Amino acid sequence: TILPAMILIFDKPIEKTKHKPLIKSMDKVSAFITKHYKVWIVAFLILLIPAIYGNNHTKIYYNIAQSLPQSLPSNVANSELKDDFDMSTMHIVMLDKDMDAKEKKAMMSEIDDVKGVKWTLGLNSIVGSSIPESMIPDDVKSMLQGKDTELMFVCTKYESATPQVNKQIKQIDKIVKSYNKSGMVIGEAPLMKDLQDVTDIDLTRVNVISIAAIFIIILLIFKSISLPIILVSVIEFYQGKSLPFVASIVIGAIQLGATVDYAILMTTRYQKERMKGKSKKESVAIAHRISMPSIITSGLSFFAATFGVTCYTQVDMIGSICELLSRGAIISVIVVLTVLPAMFLIFDPVICRTTAGYRVKKDKSKTVAEPTA
């Protein structure tokens, strides 16, 4: 709505500032790609194996502090605590205030025996179980006791968001629940564990819903059963690396949307030419030649916008997202310009038979799709 209006308003300045194209013609490059389409399919299938392996072995980290600059005071302090006191994380156990003192002591003793726990600290460990609670000053009790609950601290040598600390939290939580059913293990590490559990489910849901939505949109727009399968199989060609948990979800959604734009641009033209009755090779050649400049321009713009942020930012979470988006933009352009036309040429008979509006007429040399009346 806005772009056509802007073009009409600024038509004269646009005409006055026109210049010759930096790249005069891509016809030869386009012809070379479509001519050797079998090579691109073979290359795609070969690269698909390491791509799937990389995607399945992408490491996701959930420690937010890890994505921030190490020069921040909080990270500097955590580093000093680890180096000087071998401390990494502190868990907080929240219990019922009226819990029996002997049970508290027994529970703390069990928690002390959990692997990786350095020490535990509670009200009993400060004043001793032999001192009646009525004799403890209120200002001391207020540090660890509230109206209905009491806090206990557990120091661990494991870092947050690691398999070791997650296993430890499960063990501590089991011990706490055995003494106090309403008791909870809270703090940074338990929060990261909950975040990991939720994010793992969300990541799968985002991917499934995004792919399903794009499949349905392509199915309705192109009125074809086979085209959605072909396009989704092409645009799901990704690579992986160690990522913050947010990056994996963001990349999955944005990259999928950006890549399908390039694919739809070429598919629309290919379908239009086939509906006119042109042969598959001629239709693919025209679609590829006309779409190629637009796809490259869009992909390079996407790359430039994200790569600059990657070079500048000191926050790893932002840098990882933008780095993958910039790299993904180039990969998307290459895959769409090489693999997608090859897929059209190979699966053209299937596309014609599974798309509404085509009438397939066979002769001795080739299959020609003609528009129905």
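Look a little higher up for the structure.
What you see is a predicted model, and the numbers here were worked out from it, not measured in a lab.

S.K.: What is the right way to look at the side chain of serine 160 in this model?
M.R.: With respect to the helices and strands, the residue serine 160 is situated in the loop between β4 (149-156) and α9 (163-179). Taking relative accessible area as the criterion, serine 160 reaches 5% and is therefore assigned buried.

S.K.: When you look at helix α12 (residues 245-275) in this model, what are you seeing that I'm missing?
M.R.: For an α-helix, 3.6 residues make a turn, and residues three or four places apart therefore share a direction. Helix length check: α12, at 31 residues, gives a terminal C-alpha distance of 45 Å against a target of 45 Å (1.5 Å per residue), a fit within 8%. Backbone geometry just downstream of α12 places glycine 277 in the positive-phi region, at approximately 100 degrees.

S.K.: How should I be thinking about the sheet that holds strand β3 (residues 117-121) in this particular structure?
M.R.: Pairing between the strands of a sheet is mediated by backbone hydrogen bonds and can be parallel or antiparallel. Within the open sheet, the 4 strands sit side by side as β3-β4-β2-β5. Their pairing is antiparallel. Of all strands in the sheet, those bounded by a partner on one side alone are β3 and β5 (184-187). Strand-to-strand twist across the sheet, computed as the mean angle between neighbouring axes with direction ignored, equals 30 degrees. For β3 and β4, the ladder comprises 4 bridges, and the chain directions are antiparallel. For leucine 121, the partnering residue across the bridge sits in β4 and is phenylalanine 153.

S.K.: Hey, could you run me through the nonpolar core in this one?
M.R.: For soluble globular proteins, nonpolar side chains are generally found buried alongside one another. One finds Leu231, Met266, Ile295, Leu337, Val339, Leu340 and Phe344 to be the most contacted residues of the largest nonpolar core, which totals 44 residues. Among the secondary structure elements, those contributing two or more residues to this core are α4 (37-56), α10 (188-222), α11 (226-235), α12, α13 (280-312) and α14 (316-353). Element by element, the count of residues in this core is highest for α14, at 16 residues. Those residues within four positions of valine 339 in sequence are excluded, and the remaining contacts are Trp40, Ile41, Phe44, Val234 and Ile334. Leu95, Ile111, Tyr158 and Val185 belong to the second-largest nonpolar core, a separate cluster that totals 18 residues.

S.K.: Would you explain the environment of methionine 90 in this entry?
M.R.: In this fold, methionine 90 is placed in strand β2 (residues 89-96). Between the alpha carbons of methionine 90 and isoleucine 186 there is a distance of 9.3 Å; along the sequence they are 96 residues apart.

S.K.: Would you take a moment to explain the packing of helix α6 (residues 101-112) against α9 for this structure?
M.R.: A pair of packed helices is captured by two measures, namely the crossing angle of their axes and the spacing between those axes. At a closest axis distance of 10 Å, the pairing of α6 and α9 adopts a crossing angle of 165 degrees. It follows that α6 is roughly antiparallel to α9 by the angle criterion. Between α6 and α9 lies a crossing whose hand is right-handed. Along the contact surface, α6 presents Glu103, Ala106, Met107, Glu110 and Ile111, while α9 presents Ile172, Ile175, Val176 and Tyr179. Residue classes in the contact of α6 with α9 are distributed as 7 nonpolar, no polar and 2 charged.

S.K.: What is the right way to look at α9 in this model?
M.R.: Taking 1.5 Å per residue, 17 residues should reach 24 Å; α9 reaches 25 Å between its end C-alpha atoms and fits that length. Among the structural elements, β2, α6, β3, β4, β5 and α10 are those in contact with the buried residues of α9.

S.K.: Quick question: what am I supposed to make of the side chain of threonine 355 here?
M.R.: Locating threonine 355 in the fold gives a position in the loop between α14 and β7 (358-362). Relative accessible area serves as the criterion here: at 5%, threonine 355 is assigned to the buried category. Among the polar contacts made by the side chain of threonine 355, one reaches the side chain of serine 224 at a distance of 2.8 Å. Within polar-contact distance, the side chain of threonine 355 engages the backbone oxygen of isoleucine 351 at 2.6 Å. Setting aside chain neighbours within four positions, we find threonine 355 in contact with Phe222, Lys223, Ser224, Ser226 and Gln271.

S.K.: What exactly am I supposed to notice about the packing of aromatic side chains here?
M.R.: Aromatic rings considered in pairs are described by the distance between their centres and by the relative angle of their planes. Within the structure shown, the criterion is met by 3 aromatic pairs. Plain terms: the ring middles of phenylalanine 32 and tryptophan 40 are 6.4 Å apart, the flat faces sit at 70 degrees to each other, and that makes the pair edge-to-face. Exposure remark for tryptophan 40: the relative accessible area of 24% places this residue in the partly exposed category. With a centroid separation of 4.3 Å and an interplanar angle of 5 degrees, the aromatic rings of tyrosine 270 and phenylalanine 344 are classed as stacked. Placement of tyrosine 270 in helix α12 and of phenylalanine 344 in helix α14 is noted, with a sequence separation of 74 residues between them. For the residue pair tyrosine 270 and phenylalanine 344, the accessibility class agrees, reading buried in each case.

Rules and cut-offs
- Residues numbered from 1 in each chain as written.
- Predicted model: local features only at pLDDT ≥ 70, side-chain atom pairs only at ≥ 80, totals over all residues.
- Heavy atoms only, no water.
- Helix = DSSP H or I, 4+ residues; strand = E, 2+ residues; numbered from the N terminus.
- Buried < 20%, exposed > 50% of the residue type's maximum accessible area, 1.4 Å probe, protein only.
- Expected span 1.5 Å × (residues − 1).
- Pairing = 2+ DSSP bridges.
- Axes fitted to C-alpha atoms, helices over the stretch in contact; angles between N-to-C directions.
- Core = buried A, V, L, I, M, F, W, Y, C linked by side-chain atoms within 4.5 Å.
- Contact = heavy atoms within 4.5 Å.
- Parallel < 35°, antiparallel > 145°, perpendicular 65-115°, else oblique.
- Left-handed = near helix turned anticlockwise from the far one by under 90°.
- Nonpolar A, V, L, I, M, F, W, Y, C, P; charged D, E, K, R; others polar.
- Polar contact = N/O pair within 3.5 Å; in protein donor to acceptor, adjacent residues only side chain to side chain.
- Phe/Tyr/Trp six-rings, centres within 6.5 Å; stacked < 30°, edge-to-face > 60°.

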